[in-house]
Amino acid sequence: MPAFTETPELDAYDGRILAELQRDARITMAELGRRVHLSQPAVTERVRKLEVGGFIKGYRAVVDYTRLGYGIRALARVGRVEYARVVKLIEQTPEVVNAFNVTGEDSWILEIAVIDVEHLDAVVTKFCILTETSTSIVLNMPRENAVVLPARRENIKPAIRKVTGR
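Residues numbered from 1 in each chain as written. Predicted model: local features only at pLDDT ≥ 70, side-chain atom pairs only at ≥ 80, totals over all residues. Heavy atoms only, no water.

### Looking at the pattern of salt bridges
Right, on to step 1. The full count for this structure, using the stated rule, is nine salt bridges.
Right, on to step 2. Across the pair Arg-35 and Glu-20 runs a salt bridge, and its minimum N-O distance is 3.0 Å. Note that Arg-35 is positioned in helix H2 (residues 29-36) and Glu-20 in helix H1 (residues 12-23), a separation of 15 residues in sequence.
Right, on to step 3. On the basis of relative accessibility, which here comes to 39%, the residue Arg-35 falls in the partly exposed class.
Right, on to step 4. In this structure Glu-20 comes out as buried when scored by relative accessible area, which is 16%.
Right, on to step 5. Across the pair Arg-48 and Glu-45 runs a salt bridge, and its minimum N-O distance is 2.7 Å. Note that Arg-48 and Glu-45 are positioned in helix H3 (residues 40-52) at a spacing of three residues, about one turn of the helix.
Right, on to step 6. Residue classification places Glu-45 among the partly exposed positions, given a relative accessible area of 31%.
Right, on to step 7. The structure contains a network of salt bridges with shared partners spanning Glu-20, Arg-23, Glu-31, Arg-34 and Arg-35. (Salt bridge = Lys/Arg side-chain N within 4 Å of Asp/Glu carboxyl O. Helix = DSSP H or I, 4+ residues; strand = E, 2+ residues; numbered from the N terminus. Buried < 20%, exposed > 50% of the residue type's maximum accessible area, 1.4 Å probe, protein only.)

### Points about the packing of H1 against H2
Right, on to step 1. Where H1 contacts H2, the two axes come as close as 10 Å, and the packing angle between them is 130°. Between H1 and H2, the angle is such that the two are oblique. In terms of crossing hand, the pair formed by H1 and H2 is right-handed. Contact residues: Tyr-13, Arg-16, Ile-17, Glu-20 and Leu-21 in H1; Leu-32, Arg-35 and Val-36 in H2.
Right, on to step 2. Here the contact of H1 with H2 is composed, by residue class, of five nonpolar, no polar and three charged. (Axes fitted to C-alpha atoms, helices over the stretch in contact; angles between N-to-C directions. Parallel < 35°, antiparallel > 145°, perpendicular 65-115°, else oblique. Left-handed = near helix turned anticlockwise from the far one by under 90°. Contact = heavy atoms within 4.5 Å. Nonpolar A, V, L, I, M, F, W, Y, C, P; charged D, E, K, R; others polar.)

### A short note on the environment of Ser-134
Right, on to step 1. By the element assignment, Ser-134 lies in strand E4 (residues 133-137).
Right, on to step 2. Along the sequence, Ser-134 and Gly-54 sit 80 residues apart, while their C-alpha atoms lie 35 Å from each other.
Right, on to step 3. If we skip the residues at most four places from it in the chain, Ser-134 touches Leu-75, Ala-76 and Arg-77.

### Focus: the nonpolar core
Right, on to step 1. Residues Ile-90, Leu-110, Ile-112, Leu-120 and Phe-127 are the most contacted members of the largest nonpolar core, which totals 17 residues.
Right, on to step 2. Breaking this core down by element, the ones donating at least two residues are strand E1 (72-78), helix H4 (83-91), strand E3 (108-114) and helix H5 (117-128).
Right, on to step 3. If we ignore the near neighbours within four places in the chain, the residues touching Leu-110 are Ala-74, Leu-75, Ala-76, Val-78, Ile-90, Val-96, Asn-98, Ala-99 and Phe-127.
Right, on to step 4. Leu-18, Leu-32, Val-43 and Leu-50 belong to the second largest nonpolar core, which has 11 residues in total. (Core = buried A, V, L, I, M, F, W, Y, C linked by side-chain atoms within 4.5 Å.)

### Details of the packing of aromatic side chains
Right, on to step 1. Counted according to the given criterion, the structure contains one aromatic pair.
Right, on to step 2. Between Tyr-83 and Trp-108 the ring centres are 5.4 Å apart and the planes differ by 35°, which places this aromatic pair in the tilted class. One end of the pair, Tyr-83, is in helix H4; the other, Trp-108, is in strand E3, with 25 residues separating them in the sequence. (Phe/Tyr/Trp six-rings, centres within 6.5 Å; stacked < 30°, edge-to-face > 60°.)

### Points about the packing of H1 against H3
Right, on to step 1. At a closest axis distance of 11 Å, the pairing of H1 and H3 adopts a crossing angle of 80°. Of the possible angle classes, the one that applies to H1 and H3 is roughly perpendicular. In contact with Tyr-13, Asp-14, Ile-17, Leu-18 and Leu-21 of H1, H3 contributes Val-43, Arg-46, Val-47 and Leu-50.
Right, on to step 2. The residue makeup of the contact of H1 with H3, split by class, is seven nonpolar, no polar and two charged.

These figures capture arrangement, not role.
Right, dumping it as C-alpha cells:
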C-alpha cells in the first residue's frame, strides 16, 4: 500500500462530484452539475478526468444481500498460511464478497455472505483446512459504503492531545 499522499490535483468541485457520485452513480450529468454548481459540460469533463485519472474505478449497483437470500454476513479471520493458497481458495469461493490481506496475528479478513449457519460452516471449513480461523457473524451495519472524500492532511485531528515535558 502506498504511503499517504495528498491529492492536490483535486479541488473542492472534484470532491463534491465524487461525494455525489458515491451517493448515487446513476445521477444525470445535468443534475450533478446543479448539485455542485457547475454547468453540465463542465461537470461531464471533470467526471471524465476523474475516470481517466483513476479516481473513479467504476460504477456498480449496491445489492441487498438479505433480499438475495443471504441471511448471514460474517467476518472470518484466517491465520498465517501460504499467500497463493488462500488467494486460490478465495477465487474458488463465491461466498467471499471481500477479502483483505492484513497485518497482525491473522493474515486475512474475509467478508462472507451465506444462506444460513450450515452454509457458513461449509464455507469456513474450507479455510479451516488451511489454518486456524475465527468467525464473527455480523449483527448489523450502522455504516456501510460511506462516502470517501479526497485525503487532506489538514483534516487529520489527533484523538488525544500529547503531553510533552516542555
